[in-house]
Amino acid sequence: MSNTVDRRSLERECAEAGFPSGARVPLVVMVIVLALLMGFCAMRLSGQPDGSPVEVVARSHQWFATNLAHSVGASVNEAAADLATAVKLYSGKGDRSDDQTIAFFAKNCPHARGVAVVDNSGGLRASAGEPVPIESVPLDDISSVPVRVMADRYGGVQAVTADALPGGNRVVVVSSDLTIPPVSVDSLRLPETVLLVTDTGEVVKPHGTETAAGHDDDLVRQAAEVAAKGESGHLVGKAGTGPPTPDAQATVPIVAYAPLTRGRISLGMSLLLVGATPQAEASGAGTGLPVMIALLGVMLLAAAVLLAGLVGPVRRLREDALAVASGQPGARMRRQWISETHRIAAAFQPGAPRRGLPSAVVAVVLATVVLLAWSGAVLGTIGRHEVQVPGQAVQVTQRLAATTATGLRHSLQQSLTDLRSFAALVSGTDVTGFQPALQELTSRRERYRSVYVVDPDGRTLARAGRAPLRAEEPLPPGSGLHQQSVAHRVPLIYATAPMPGSTYVVVGELDVVKLSSLVRLPGGVGRLVDAELRTVAATVGYQAYEPLAAEPLRSSVSEALKGVPDPAVWEVDGRTSVVASAALYGSKDFNDLQWAVVVEQPVSQLPLPGNHIRRTAWLAALVSSVIGLVAFGWFLLVLLLPLRRLAASADRLAAGDTTTVIYPQRPDEIGTVARCLELHRRSVERRRS
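What counts and how
Residues numbered from 1 in each chain as written. Predicted model: local features only at pLDDT ≥ 70, side-chain atom pairs only at ≥ 80, totals over all residues. Heavy atoms only, no water. Helix = DSSP H or I, 4+ residues; strand = E, 2+ residues; numbered from the N terminus. Buried < 20%, exposed > 50% of the residue type's maximum accessible area, 1.4 Å probe, protein only. Contact = heavy atoms within 4.5 Å. Areas by Shrake-Rupley, 256 points an atom, 1.4 Å probe, with all protein chains shown as cover. Salt bridge = Lys/Arg side-chain N within 4 Å of Asp/Glu carboxyl O. Core = buried A, V, L, I, M, F, W, Y, C linked by side-chain atoms within 4.5 Å. Pairing = 2+ DSSP bridges. Axes fitted to C-alpha atoms, helices over the stretch in contact; angles between N-to-C directions. pLDDT = per-residue confidence, 0-100. Parallel < 35°, antiparallel > 145°, perpendicular 65-115°, else oblique. Left-handed = near helix turned anticlockwise from the far one by under 90°. Nonpolar A, V, L, I, M, F, W, Y, C, P; charged D, E, K, R; others polar. Arc of directions from axis to C-beta. Polar contact = N/O pair within 3.5 Å; in protein donor to acceptor, adjacent residues only side chain to side chain. Patch = residues over 30% accessible without salt bridge, like charges linked within 9 Å, V, L, I, M, F, W, Y side chains within 5 Å.

### Digging into the overall build of the protein chain
Okay, step 1: Scanning the protein chain from terminus to terminus reveals 14 helices and 21 strands.
Okay, step 2: By residue count, 51% of the 689 residues in the protein chain fall in the buried class.
Okay, step 3: By sequence separation, contacts in the protein chain at least 24 residues apart represent 65% of the contacts at least 6 residues apart.
Okay, step 4: Of the roughly 30300 Å² of accessible surface on the protein chain, a fraction of 54% belongs to carbon and sulfur atoms.

Now the structure itself:
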């Protein structure tokens, strides 16, 4: 009984602490975390995975709708800038009658459906073309709302722009159609419709658009209600309710929506893109069970190795040390299977044979390797899961490239039109009168970095904006867009327009940053490249005329410049991407430039089931690797290093050193063994003395 009491007193004296100390704590924590990871894999990789081909097409439609809305907003901005520039030029022409004023703006606003001059009270003084809805313009504060987009009386949509004339008692109001880029049917011949929604939720159809039959009217109404709030997104209808494909395949209706904005200012309307996609089921389900079973086996193997090679021997050594130190009858140190615990046990029993046994480090390393091997296997199999991209999503990317090229072509053409109109308006004006008009042009047109007038020798006579990049030298003959291949810090793109009846030429250098904003793409990377496959503008960082390095991008651009665009899925710089290109044809003014837009859409950013599986596999592999490395560090600091230090002290004691005190350094099993070994040292020392 006394021995039992002595043992209990010894255990109380050792006072082992709880978490995070203790030989079993790292093992228990590791098993719990691996069990949670196993449950995560079972939930994320079993059943129906996130994402579907339908969602990919819907997301692509949303990006397409955003791109269309951006183009429409840019056209409205052009209308406002055109009128502002015309008003500035009109200011320098002296007083004119109402009829002369109408004739001036009708001539210099070629895209206008109607022009009206009204007084501040709203009274009509003169008009030309179609009736202008002057009641939609807040005449008392024109500067606050210079542009209104509204449905007209004929069921179409128009932009109404107003500006004050010199003198302060007259206002010019211009109405024009919204420019909607053409939307073609996709490769499956599923028609699509572009609609517009007013801020009251009314759905209207722009001029020149065809409404496709068979679309879900309820879904359009729901999308209109959300879009009227100025939000962007998409809605997916019920399977089988969309218009069937030509081969009678069931489809799912899709409505994407995006607000029309002029810069950051809402125009009070949103764009709807109404389409459909074939019904398709997501693939890739059912991979969770094999992963879970494999992880269960890895967890059990790692736990067994650690239990047999470290935790178990330490716990057994503690029990034997307490029994021997408390003097229990017949107490002996049991046989040990790892080097460190065997050396400590040998110090309690002088004369015990020393044997070559494996170190406890082997068990920890082996358990870590098992976990890392599972991580590598997951990455090498499921982590390399092939992602299937729907053909319709590839076609939508091609149409994104085509729409971007159309918008860019329109902007470039408008740049040239601006300069031609400006050259015609200022022709005959004294050189000293150029400066105010140039400043107005650059302030209203963000696309220009610099606008200036030059003489036949290329010398600058008047300038607005930043310093020109072009050297003062004779210009190419005629009017057009030009690219200078001489290396600058930015590509030099400029437009020229000779003044009628004069030797002067108006030059506008284009801002490459603004060109880059025109090739921006939600979720992807857009580039504008020239005939030599050099980057002119891009949505990512680049150097002037940086060569297009990736062969898939070069091949795609080359095919587009030949007039045969071929969108496809390629490996670009180690990542799978949808690549599509479109050439900027359509105008003799810049066909010689041979430019093209190339779009790179990373497949990893598409909501595909394969991406879901790959991301889950990468996350599981990462977590498993972290668990293995953390467990290795934990066992190393908490058990291995203290155990090896204690084994070294035990070796000195076994060699006859009874004077060196053995201090317990940790309140755990190893600390208890150290306390027992110290009691044994004192006992041996007393017997010797």
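Picking up where we left off.
### Some thoughts on the pattern of salt bridges
Okay, step 1: Enumeration according to the criterion identifies 21 salt bridges in this entry.
Okay, step 2: A salt bridge links D218 to R221; the nearest nitrogen and oxygen atoms lie 2.1 Å apart. Placement of both D218 and R221 in helix α5 (residues 217-227) is noted, with a separation of three residues, approximately one turn of the helix.
Okay, step 3: By relative accessible area, which is 47% here, R221 ends up partly exposed.
Okay, step 4: One salt bridge connects D455 with R459, and the closest N-O pair in it is separated by 3.3 Å.

### What about the nonpolar core?
The nonpolar side chains of a soluble globular protein tend to be buried, and buried together.
Okay, step 1: M30, L310, I344, W374 and F635 are the most contacted members of the largest nonpolar core, which totals 59 residues.
Okay, step 2: At the level of elements, α1 (2-14), α2 (24-45), α6 (288-325), α7 (339-348), α8 (360-380), α13 (609-654) and α14 (669-688) are the ones that each hand at least two residues to this core.
Okay, step 3: In terms of residue count, α13 provides more of this core than any other element does, 15 residues in total.
Okay, step 4: Ignoring sequence-local partners within four residues, the contact set of L310 consists of V305, A360, V364, F635, L639, L640 and L643.

### Quick look at the sheet that holds strand β12 (residues 460-465)
Okay, step 1: Here five strands make up an open sheet; going across it, the order is β12-β11-β15-β14-β13 and the pairing antiparallel. Two strands lie at the open edges of the sheet, namely β12 and β13 (480-484), each paired on one side alone. In this sheet, neighbouring strand axes are inclined to one another by 20° on average, regardless of whether the strands run parallel or antiparallel.
Okay, step 2: Relative to β12, strand β11 (residues 448-454) runs antiparallel, the two sharing five bridges. Within β12, the position partnered with S450 by the bridge is G465.

### Let's talk about the confidence of the model for the protein chain
Okay, step 1: The pLDDT averaged across the protein chain works out to 80; a share of 85% of its residues lies at or above 70.
Okay, step 2: Mean pLDDT values over the elements of the protein chain span from 62, in α1, up to 92, in α8.
Okay, step 3: Here residues 1-5 scores under 50 on pLDDT; set against residues more than four positions off or in separate chains, the count is four contacts.

### Observations regarding the environment of R652
Okay, step 1: With respect to the secondary-structure elements, R652 resides in helix α13.
Okay, step 2: For R652, a relative accessible area of 39% gives the class partly exposed.

### Focus on the packing of helix α3 (residues 53-91) against helix α4 (residues 98-108)
Okay, step 1: Two elements in contact, α3 and α4, have axes whose closest approach is 10 Å; the angle formed by their N-to-C orientations is 135°. One way to sum up the angle between α3 and α4 is to call them oblique. When you trace α3 past α4, the crossing you get is right-handed. Together, L83, A86, V87, L89 and Y90 of α3 and T101, F104 and F105 of α4 make up the contact between the two elements.
Okay, step 2: Partitioning the contact of α3 with α4 into residue classes produces seven nonpolar, one polar and no charged.

### Remarks on helix α12 (residues 551-561)
Okay, step 1: Those residues of α12 that fall on the buried side of the exposure criterion are P552, L553, S556, V557, A560 and L561. Down the axis, α12 shows its buried residues gathered within 165° of arc, on one side only.
Okay, step 2: Buried residues along α12 sit against β16 (525-529), β19 (568-572), β20 (575-583) and β21 (596-602).

### Considering the environment of T193
Okay, step 1: As for its position among the elements, T193 is in strand β6 (residues 193-198).
Okay, step 2: Relative accessible area serves as the criterion here: at 2%, T193 is assigned to the buried category.
Okay, step 3: Counting along the chain gives 81 residues from T193 to V274, while the straight-line C-alpha distance between them is 5.1 Å.

### Re the sheet that holds strand β18 (residues 546-547)
Okay, step 1: Here six strands make up an open sheet; going across it, the order is β18-β17-β16-β21-β20-β19 and the pairing antiparallel. Each end of this open sheet is capped by a strand with a single partner; those strands are β18 and β19.
Okay, step 2: In this structure, β16 lies alongside strand β17 (residues 534-538), joined through three bridges in antiparallel fashion. In the strand pairing of β17, L528 is matched with A537.

### What to know about the packing of α7 against α14
Okay, step 1: Two elements in contact, α7 and α14, have axes whose closest approach is 10 Å; the angle formed by their N-to-C orientations is 30°. Relative to α14, α7 is oriented roughly parallel. Judged by the sense of rotation from one axis to the other, the crossing of α7 with α14 is left-handed. On α14, the residues that touch I344, A347 and F348 of α7 are V673, C676, L677 and H680.
Okay, step 2: For the contact of α7 with α14, the class distribution of residues is six nonpolar, one polar and no charged.

### Some details on unusual backbone geometry
Okay, step 1: Despite not being glycine, L533 shows a phi value in the positive range, around 60°.
Okay, step 2: Looking at where L533 falls in the secondary structure, it is placed in the loop between β16 and β17.
Okay, step 3: Since its relative accessible area comes to 8%, L533 is described here as buried.
Okay, step 4: Positive phi outside glycine occurs at D573, with the angle close to 55°.
Okay, step 5: Mapped onto the elements, D573 comes out in the loop between β19 and β20.

### Regarding the side chain of S581
Okay, step 1: Looking at the secondary structure, you find S581 in strand β20.
Okay, step 2: Accessibility expressed as a relative area gives 1% for S581, which makes it buried.
Okay, step 3: Polar contacts involving the side chain of S581 include one to the side chain of S556, which spans 2.7 Å.
Okay, step 4: Not counting chain neighbours up to four residues away, the residues in contact with S581 comprise Q398, A401, S556, V557, A560, P565, V597 and V598.

### A closer look at the environment of Y663
Okay, step 1: Structurally, Y663 is set in the loop between α13 and α14.
Okay, step 2: The exposed category is assigned to Y663, whose relative accessible area is 60%.
Okay, step 3: The spacing of Y663 and A674 is 11 residues in sequence and 6.6 Å in space, taken between C-alpha atoms.

### Remarks on α4
Okay, step 1: All buried positions along α4 are accounted for by D98, T101, I102, F104, F105 and N108. Seen end-on, α4 carries its buried residues on one side only, within an arc spanning 160°. Exposed side chains of α4 directed beyond 90 degrees from the buried face belong to D99 and K107.

### Remarks on a nonpolar patch on the surface
Okay, step 1: Residues L619, L622, V626 and V630 make up a contiguous nonpolar surface patch of roughly 340 Å² in combined accessible area.
Okay, step 2: Note that L622 resides in helix α13.
Okay, step 3: According to the relative accessible area criterion, L622 is exposed, its value standing at 52%.

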